[in-house]
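# Observations on the three-dimensional arrangement
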Amino acid sequence: GYQRVLEENRKLYNQVQDLKGNIRVYCRVRPLVPGQSHTSVDHIDERTISILTHSKYGKEAKKSFTFNKIFGPSVTQAEVFSDTQPLIRSVLDGYNVCIFAYGQTGSGKTHTMTGPKELTEEGLGVNYRALADLFHLSKERKETISYEISVQMLEIYNEQVKDLLSADEIRNSSLNGINVPDANLVRVSSPSDVINLMDLGHKNRSVCSTALNDRSSRSHSCLTVHVQGKDLTSGNILRGSMHLVDLAGSERVDKSEVTGDRLKEAQHINKSLSALGDVISSLASRSSHVPYRNSKLTQLLQDSLGGQAKTLMFVHIAPEYEALGETLSTLKFAERVATVELGAAKVNKDSGEVKELKEQIASLKAALARKE
Ligand code: ADP
Ligand code: MG
């Protein structure tokens, strides 16, 4: 009766969401660093950001970009999280979710995902909040579903995958979608477990870098959360996963200025970020071929990109005028991966199928209301 109607309602809602595309792009603008005053950001509203550019003749020109959401410099970590929470919660319903932080080095990727260096309660980033929320919600549901939550931490550097929770290099052959069998998968049951593991991961990562060689900006790091839920009445098992990815800095490296290792790193980053862009944009445009095999990053995430999976890209903007070139290329990248449905003109133009599903939802809602 009641339960079934609820279930049907949710299924239909998910289908509508699915038809509308599961790729979201949020843009976050970092505050200006003290001492900087000249900014390239002209205006921000809820969905549009406009950037001051220069025309050929030195005249100021503006260029606007529209995304699902824009977070201005004063938006707090808690506010960013609250707009991300529904997506994160869907992991407990058996969805696969990928959240990426994209942007040039220094634009705030790590701030969003992990938080500032000196972590405070308010400073906690999406990673910590997501896990704390999953624990919280799984406790709320414990009478009906019993959940197990485990995490992995991986780093991809120069197309090599490394397990940040152990000292070993992972063999390439073991890369098969969300499961990387050789990598440690650690059961967690409280936020403090997660904090300890992330500390370990960060330590293992920094072993490979020196002050001058900040590897963290030139590798991708990925916190993967695996959820298994057992329905206590039916015995059915559902599985969900979430990848939280702090990407390598997207800045273009001047090839004439770097050589050796630095050039090799730059080429690997370039290759994997454009592979990611290609995969997401072909998913967004519903192309029949999705080129997952072009990089380790997209191979690793293959099962969680496309299909029923939900993707969120946080694109980060450094607001200072000196960063204008990178800002524009970041926004162009973001525009390329944003769904076609994003365009303001298309918002109200549902396909026949969406319309039909919406009508069914409305009638189910009415049925539900009558039952109450
Ligand atoms: P990235 O990881 O992209 O290289 P970081 O996250 O390390 O950049 O950010 C660079 C600096 O700017 C850090 O000191 C960080 O704490 C600060 N910062 C970034 N975003 C914000 C923000 N939204 N509010 C306050 N400080 C920020
Ligand atoms: Mg960083």
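The model shown is predicted, which means the values in this text are computed figures rather than measured ones. (Residues numbered from 1 in each chain as written. Chains lettered and ligands numbered in written order. Predicted model: local features only at pLDDT ≥ 70, side-chain atom pairs only at ≥ 80, totals over all residues.)

To continue, consider the overall build of the protein chain. Broken down by element type, the protein chain carries 10 helices and 12 strands. Evaluated residue by residue, the protein chain yields a buried proportion of 36% over its 372 residues. In the protein chain, once contacts between residues fewer than 6 apart in sequence are set aside, the share between residues at least 24 apart is 69%. (Helix = DSSP H or I, 4+ residues; strand = E, 2+ residues; numbered from the N terminus. Buried ≥ 20, exposed ≤ 12 C-beta atoms within 10 Å, placed from the backbone. Contact = placed C-beta atoms within 7 Å.)

This part covers unusual backbone geometry. The phi dihedral of Asn158 is positive, around 50°, even though this residue is not glycine. Checked against the element boundaries, Asn158 lands in the loop between β7 (145–157) and β8 (160–163). Given 14 C-beta atoms within a 10 Å radius, Asn158 is considered partly exposed.

In this section: the site of ligand 1. Around ligand 1 sit 13 residues, and of these Gly108, Lys109, Thr110, His111 and Pro116 come closest. Looking at the shell around ligand 1 element by element, the count peaks at three residues for helix α4 (residues 109–113). A class-by-class count of the residues in the shell around ligand 1 yields two nonpolar, nine polar and two charged. (Near = placed C-beta within 6 Å. Nonpolar A, V, L, I, M, F, W, Y, C, P; charged D, E, K, R; others polar.)

Attention shifts here to the UniProt feature "binding site: ATP" (unreviewed entry) in the protein chain. Cross-referencing UniProt, the feature "binding site: ATP" (unreviewed entry) maps to Gly103, Gln104, Thr105, Gly106, Ser107, Gly108, Lys109 and Thr110 in the present numbering. Note on placement: Gly106 falls in the loop between β6 (96–102) and α4. Along the chain, the position of Gly108 falls in the loop between β6 and α4. We classify Gly108 as buried; it has 21 C-beta atoms within 10 Å. (UniProt positions renumbered as here; feature names shortened; annotations may be inferred.)

Further remarks concern the nonpolar core. In this structure, Val25, Cys27, Val91, Phe100, Met313, Ala334 and Val337 are the most contacted members of the largest nonpolar core, which totals 73 residues. The dominant element in this core, judged by the number of residues it contributes, is β7, at seven residues. (Core = buried A, V, L, I, M, F, W, Y, C linked by C-beta atoms within 7 Å.)

Let us look at helix α7 (residues 260–284). If you check α7, its first and last C-alpha atoms are 36 Å apart, about what 25 residues at 1.5 Å a residue would give, namely 36 Å. Within the span of α7, buried status applies to Glu265, His268, Ile269, Ser272, Leu276, Val279, Ile280, Leu283 and Ala284. Turning to α7, the residues buried within the fold contact β1 (23–29), β10 (220–231), α8 (296–301), β12 (310–317) and α9 (324–337). Looking one or two residues beyond α7, the residue adopting positive phi is Arg286, at roughly 55°. (Expected span 1.5 Å × (residues − 1).)

Turning our attention to the sheet that holds strand β3 (residues 48–54). Strands belonging to one sheet form pairs held by backbone hydrogen bonds; the direction of such a pair is parallel or antiparallel. The strand order across the open sheet built from three strands is β2-β3-β4, with neighbouring strands paired in antiparallel fashion. Looking at strand neighbours, the two that pair on one side only are β2 (41–44) and β4 (60–66), the edges of this open sheet. When the angles between neighbouring strand axes are averaged without regard to direction, this sheet yields 20°. Summarising the sheet, β2 and β3 pair through three bridges and their orientation is antiparallel. Residue pairing for β3: His43 is matched across the bridge by Ser50. Along the sheet, α9 contacts β3 and β4; its crossing angle with β3, the most-contacted strand, is approximately 140°. (Pairing = 2+ DSSP bridges. Axes fitted to C-alpha atoms, helices over the stretch in contact; angles between N-to-C directions.)

Direction vectors running N to C along α7 and α9 enclose 40°, while the axes themselves pass 7 Å from each other. Relative to α9, the element α7 lies oblique. Of the residues in α9, those touching α7 at Gly277, Ile280, Ser281 and Ala284 are Phe333, Arg336 and Val337. For the contact of α7 with α9, a count of residues per class yields four nonpolar, two polar and one charged. (Parallel < 35°, antiparallel > 145°, perpendicular 65-115°, else oblique.)

In terms of strand pairing, β7 meets β10 through 12 bridges, oriented antiparallel. From the neighbouring strand, Glu148 faces β10, where its bridge partner is Gln228. In the sheet, β10 pairs with strand β11 (residues 237–246) via 10 bridges, with the strands oriented antiparallel. Of the residues in β11, the one forming a bridge with Cys222 is Val245.

Counting the residues in the hairpin turn of β2 and β3 gives three residues. When β3 meets β4, the two strands line up antiparallel, connected through seven bridges. Bridge pairing links Leu52 to Lys62 in β4.

Bringing the environment of Leu247 into the picture now. With respect to the element layout, Leu247 can be found in the loop between β11 and α7. With 25 C-beta atoms packed within 10 Å, Leu247 lands in the buried category. In the structure, Leu247 is positioned 217 residues away from Arg30 in sequence and 17 Å away in space, judged by C-alpha atoms. Residues contacting Leu247, with those up to four places away along its chain left out, are Phe100, Ala101, Tyr102, Lys109, His220 and Leu273.

Another point: the confidence of the model for the protein chain. With 84% of its residues at a pLDDT of 70 or more, the protein chain has an overall mean of 85. Long-range and interchain partners of residues 340–349, a stretch whose pLDDT sits below 50, account for nine contacts in this model, where long-range means more than four residues apart. This prediction of the complex comes with two scores: 0.85 for pTM and 0.99 for ipTM. (pLDDT = per-residue confidence, 0-100.)

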